[in-house]
Structure formats: C-alpha cells, structure tokens
Amino acid sequence: MEEARNRLLVVSAHPGDVLWRCAGTVAKQVKEGGEARIISLSYGIAGESVALWKQEGMTAEKAKQIRVEQMENAAKVLGASCEIWDLPEYPFRPTIEDMYRLAAVLRTYQPGIVLTHHDSDPLNPDHGLILDFVKNAVEIAGADGIQIEGTVPGFDRPEIYCFEPHASEASDFKPNVFIDITNVWEIKDAAMACMPDKAGIRKAYTERAILRATNAKSFGRKGCKYAEAYRAFLPFARGGGFPR
C-alpha cells in the first residue's frame, strides 16, 4: 500500500474543479517524487463556462477545445497527466460501462490515493453524484469475479479523500484533513491562471487557501500559509501504532 501511495488519482466532474480544489495537493505529490493522474469526467461546458458562452460565435466544440487546451496547460504546470472523458453533465448521468471504464483505470494504474468530490453540493447538479460513482468503481475494480478486458482482477481499496466544495457550510462539508501547500502555492496559482475566464474563482480559492492555512496551524501545522481541506471518506487502518 505504501508503494501505491506514490500514485494519486483525481476524479473530477469538470476541469476547473481540479484547479480550485486540489491542484496544490497534486503539485505536492509530484514535487515529492510521486505520480498524479487527472480524469475530468466532462468538459465542463454546461455550468463551468459561463464566460465562454458570452463570447461571440462560441459553439460547444469551440468551448470543448478551449477547456482541453486549458486543462493540458494546467496539468503540465502541475506535472500530472490528464484526460477528459466527455460524459454527460448537468446532470451527471453515468452508465455501467462508464463505471467499468473507471474500474479498469483503477486496476491498471493502481492508485493508493483518490481525490474526488464531497457527496453534497446544492449549487451544482454534478458534484454530489461523483463520489458514489467513484466508490462503485472502486468496489468493481476490487471484485475478483468481475472481468474487464485488458485488466487483471483485484485492486486494494485506496484512501479516498473528498475535496472541498464551493459552499462548504451549505454542503455540510466538515474537513478532517488539511494539506499544507505553502511550498507549492506558486505552482497551484500558475495552474489556476491557465483558466483566465475564471479569474473570480481563482481569487476566491486563494482566499480559501489562506483560511484553511489558519485551520491547519490550529491543528499543529505551524508556519502554514496556504492549505487545502479534505474529508477522509473511509476510516484508516494503520500498523505499528499511531504515527510519530
């Protein structure tokens, strides 16, 4: 499991979700010698692209291409690989085949850590549905009796962390993990800048990172200036007693 923790997988509803909510953790994973892979389940052209649709002559294909270029540029800044799946959005409507597709990724990539959405977000019809999709794919990947072409059955359940939604209190998000991203803040900020049509969100999540740093300091991370908040989805099982 410790070796698997070198591989981190992000599963997000839309490209921008990665940049605002967990890009610092992705950058830190890579900076510390690990790998990171990002899967955006859609292009985010329904609700995430308000500013794009105000541009004269904008079409769905143009918006998709813009999001692809932005996501690829951001992933390069973070040092991660990325892909966009073009699944339905607003609302998210996955099929069994989509779950098996993610299960195949889990079996072949073997991540020890998965970052995804919290299970509630009253401001977005997609975000609250992603965790259940990821959870089901994890269980499918680990089922020895499920055959998926190109994969070998078996997958150790990873640690799953839900990143922070936009309206935390309204979403009943109660973080219990704070990741200090101070030493990679410039990388996260550069990644967020890859989506210039969302400058307001970039400013809001800069302020959020400062707020979460205050929380991190309260729980022992002295000197933290920027942090990201998560909620562990599953309990931990550790050998050798409590970490020192």
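The following refers to the structure shown. (Residues numbered from 1 in each chain as written. Predicted model: local features only at pLDDT ≥ 70, side-chain atom pairs only at ≥ 80, totals over all residues. Heavy atoms only, no water.)

1. Observations concerning the pairing of strand E7 (residues 227-232)
Part 1 of the argument: Within E7, five of the six residues are buried, leaving the element largely enclosed by the surrounding structure.
Part 2 of the argument: Here strand E5 (residues 159-163) runs beside E7; their pairing, made up of three bridges, is antiparallel. Its bridge partner being in E7, Phe163 is matched across the sheet by Tyr230.
Part 3 of the argument: Pairing geometry for strand E6 (residues 177-180) and E7, over four bridges, is antiparallel. Note that in E7 the partner of Ile179 across the bridge is Glu228. (Buried < 20%, exposed > 50% of the residue type's maximum accessible area, 1.4 Å probe, protein only. Helix = DSSP H or I, 4+ residues; strand = E, 2+ residues; numbered from the N terminus. Pairing = 2+ DSSP bridges.)

2. Some thoughts on the packing of helix H5 (residues 96-109) against helix H6 (residues 127-141)
Part 1 of the argument: Orientation of H5 relative to H6, taken along the N-to-C sense of each, is 60°, at an axis distance of 8 Å. Regarding the angle of H5 to H6, the classification is oblique. In the packing of H5 onto H6, the handedness of the crossing is right-handed. Contacts between H5 and H6 involve Asp98, Met99, Tyr100, Leu102, Ala103, Leu106 and Arg107 from the first element and Phe133, Val134, Asn136, Ala137, Val138, Ile140 and Ala141 from the second.
Part 2 of the argument: Split into classes, the residues belonging to the contact of H5 with H6 amount to eleven nonpolar, one polar and two charged. (Axes fitted to C-alpha atoms, helices over the stretch in contact; angles between N-to-C directions. Parallel < 35°, antiparallel > 145°, perpendicular 65-115°, else oblique. Left-handed = near helix turned anticlockwise from the far one by under 90°. Contact = heavy atoms within 4.5 Å. Nonpolar A, V, L, I, M, F, W, Y, C, P; charged D, E, K, R; others polar.)

3. Side note on the nonpolar core
Part 1 of the argument: With 38 residues, the main nonpolar core has Val10, Leu19, Cys22, Val26 and Leu115 as its most contacted residues.
Part 2 of the argument: Counting residues per element, this core draws most heavily on helix H4 (residues 60-78), at five residues.
Part 3 of the argument: Residues Trp85, Ala141, Ile148 and Ile160 belong to the second largest nonpolar core, which totals 28 residues. (Core = buried A, V, L, I, M, F, W, Y, C linked by side-chain atoms within 4.5 Å.)

4. Some thoughts on the pattern of salt bridges
Between side chains of opposite charge, a pair can form when the charged atoms approach closely.
Part 1 of the argument: This model, assessed by the stated rule, comprises 15 salt bridges.
Part 2 of the argument: Salt-bridge contacts for Arg21 lead to Asp17; the nearest nitrogen and oxygen are separated by 3.3 Å. Within this pair, Arg21 and its partner Asp17 are both found in helix H1 (residues 15-21), separated by four residues, close to a single helical turn. Like Asp17, Arg21 is buried.
Part 3 of the argument: With a shortest N-O distance of 2.6 Å, Lys188 and Glu228 are connected by a salt bridge. Of the two residues, Lys188 is situated in helix H7 (residues 185-192) and Glu228 in strand E7; the sequence distance between them amounts to 40 residues.
Part 4 of the argument: For Lys188, a relative accessible area of 1% gives the class buried. (Salt bridge = Lys/Arg side-chain N within 4 Å of Asp/Glu carboxyl O.)

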